[in-house]
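# Examining the three-dimensional arrangement
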Number of protein chains: 2
Amino acid sequence: MEAEADVDVCDKWSETLRVYHTTSCELENELQSRHGLGLSEFEVLLILGRATGECGVKARMKDIEAETHLSQSALSRTVTRLEKAGLVARAACEFDRRANFLALTPAGRERFEQAAPTHRSVLLKHLG
Amino acid sequence: MEAEADVDVCDKWSETLRVYHTTSCELENELQSRHGLGLSEFEVLLILGRATGECGVKARMKDIEAETHLSQSALSRTVTRLEKAGLVARAACEFDRRANFLALTPAGRERFEQAAPTHRSVLLKHLG
DNA sequence: TGACATCAAATGCACGCGCATGTAAGTTCG
DNA sequence: CGAACTTACATGCGCGTGCATTTGATGTCA
C-alpha cells in the first residue's frame, strides 16, 4: 500500500514537472521571441490587464506579489524592467507613501493584448 | 465554448504553477536544510540510486540528461558539485572516450538513502 | 588517409532569482 | 511626544540556469 502510494506520488510529481517545464519553456521562448517579454514580465502584465478595464487603474506591489509566485525582490526588479520598457508606470500612493501603485501604460496594454493570444495558444496546446 | 476553454486552461495552468512552486520550494528547503542537497542534486542522486542496485553501476551523462529537465550545462555543473562533495564519481568510458560514466560513491548512496524519505514525505504531503 | 560533419562534455557569459539588508514611511503604546 | 516595532519597497550579493562556444573524440566518405 505504502509502496504503491509512493510510486503514484512520484509519478504524479514527474508528470507535474514534465508539464511545468515543457509549458513554461515554450511560453518563455514564444513570449520572448515574438513580443520581447519574459514569462514573469508577462505575468505581471496579465495581472494588471485583468484587474483593470482600462489603463488608469492600479494595483499595489504587495497585492501583485500575492498573485504571483515571485519573491518581493524579483517582483520589484520585474516591474523595474517593465517600467524601463515603458509598459508600466509606478505612482506613489497618497495615503501610504510607502506603497506604489502600478498601472499599465497604453503601450503596456497594447503589448499585453498582442501577447495574450500567444500565451493562450501555448496553454491550449499543452493543457487543452 | 472557446471562452470557457480558455478559462479552464488558465485555471489549470494556475493550479499547476501553484503545485509546482509550493512543492519544489518545500523540497528545496527541506533537502537543503536537512541533507545539504539542492533539488537538482537530489534528482541526479535519485536517478543514479534507482538505476543501480549497488554502488558500482553507472550511467552516462547524456542518459541522465534525458531523464531530467536540466540543460546539458546545468547537469555538468550539478555533477561537478556532487563530485566535489564526494557523492558521485566520474569515470571515463573505455569504448567512447567522449562519454563519462557516472556512479554513486558509498557516501553518495548513504546520503541518498537519508534524503529519500524527506523527498517522499514532502511529495506525499503535497500530492497525496 | 585526410577533410568534414557529428557528438559528449566542459566552460565563459549574462541573466533572473532568493536571501539578507537597507531605507523610509506608518503604527503602537508608555 | 518619542522609542520600538512593523510594513512596503529597493538593492547588494551569491548562486544556478540556459545559451553559445570550445575542446577533444568518433564517424563518414571520397
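A short tour of the structure in this document, coming up. (Residues numbered from 1 in each chain as written. Chains lettered and ligands numbered in written order. Predicted model: local features only at pLDDT ≥ 70, side-chain atom pairs only at ≥ 80, totals over all residues. Heavy atoms only, no water.)

## Looking at the sheet that holds strand S3 (residues 100–104) of chain B
All names here are of chain B. Pairing is antiparallel in the open sheet, where 3 strands are placed in the order S1-S3-S2. Every interior strand has two partners, whereas the edge strands, strand S1 (59–60) and strand S2 (88–92), have only one. Here S1 pairs with S3 via 2 bridges, running antiparallel. Bridging from a neighbouring strand, arginine 60 pairs with phenylalanine 101 of S3. Relative to the sheet, helix H4 (residues 72–84) contacts S2 and S3, its axis offset from that of S2 by approximately 115 degrees. (Pairing = 2+ DSSP bridges. Helix = DSSP H or I, 4+ residues; strand = E, 2+ residues; numbered from the N terminus. Contact = heavy atoms within 4.5 Å. Axes fitted to C-alpha atoms, helices over the stretch in contact; angles between N-to-C directions.)

## Concerning the packing of helix H2 (residues 39–51) of chain B against helix H5 (residues 106–127) of chain B
Residues and elements named next belong to chain B. Between H2 and H5, the least distance of the axes is 10 Å, while the angle of their chain directions is 110 degrees. With respect to H5, the axis of H2 lies roughly perpendicular. Two secondary-structure elements touch here, H2 through Phe42, Leu45, Leu46, Leu48 and Gly49 and H5 through Gly108, Arg109, Phe112, Ala115, Ala116 and His119. Of the residues assigned to the contact of H2 with H5, the class counts are 7 nonpolar, 3 polar and 1 charged. (Parallel < 35°, antiparallel > 145°, perpendicular 65-115°, else oblique. Nonpolar A, V, L, I, M, F, W, Y, C, P; charged D, E, K, R; others polar.)

## So, the relation of the copies chain A and chain B
At an RMSD of 0.0 Å, chain A and chain B line up after a rotation of 180 degrees and a shift of 0.0 Å along the axis. In the structure described here, the two chain copies are related by an operation that fits a two-fold rotation axis. (Least-squares fit on C-alpha atoms with pLDDT ≥ 70 in both.)

## Brief notes about the packing of aromatic side chains
Aromatic rings considered in pairs are described by the distance between their centres and by the relative angle of their planes. Applying the stated criterion across every chain, the model contains 5 aromatic pairs over all chains. Centroid distance tryptophan 13 of chain A to tyrosine 20 of chain B: 6.3 Å. Interplanar angle 15 degrees. Geometry classified as stacked. Taken together, the positions of tryptophan 13 of chain A in helix H1 (residues 2–35) and tyrosine 20 of chain B in helix H1 (residues 2–35) put the pair across two chains. Comparing tryptophan 13 of chain A with tyrosine 20 of chain B shows no difference in burial state: the two are buried. The interplanar angle of 10 degrees and the centroid separation of 3.6 Å between the aromatic rings of tyrosine 20 of chain A and tyrosine 20 of chain B together place this pair among those described as stacked. In this pair, tyrosine 20 of chain A sits in helix H1 while tyrosine 20 of chain B sits in helix H1, so the two residues belong to two different chains. Take tyrosine 20 of chain A: its relative accessible area is 14%, and that puts it in the buried class. Taken together through their ring pairs, the aromatic side chains of Trp13 and Tyr20 of chain A together with Trp13 and Tyr20 of chain B make up a single cluster. (Phe/Tyr/Trp six-rings, centres within 6.5 Å; stacked < 30°, edge-to-face > 60°. Buried < 20%, exposed > 50% of the residue type's maximum accessible area, 1.4 Å probe, protein only.)

## Description of the environment of alanine 59 of chain B
Residue and element names in this part refer to chain B. Positionally, alanine 59 belongs in strand S1. Taking the relative accessible area as the measure of exposure, alanine 59 reaches 11% and is therefore buried. A C-alpha to C-alpha distance of 9.9 Å links alanine 59 and alanine 99, two positions 40 residues apart in sequence. Once you skip the residues sitting within four places of it in the chain, alanine 59 turns out to touch Leu48, Ile64, Asn100, Phe101 and Leu102.

## Describing the pattern of salt bridges
Residue and element names in this part refer to chain A. Scanning the model with the defined rule gives 18 salt bridges over all chains in all. Arginine 34 is paired through a salt bridge with glutamate 30; the nearest N and O atoms lie 2.7 Å apart. One end of the pair, arginine 34, and the other, glutamate 30, are both in helix H1, 4 residues apart, so they sit about a helical turn from each other. Of the residues examined, arginine 34 reaches a relative accessible area of 56% and is grouped as exposed. (Salt bridge = Lys/Arg side-chain N within 4 Å of Asp/Glu carboxyl O.)

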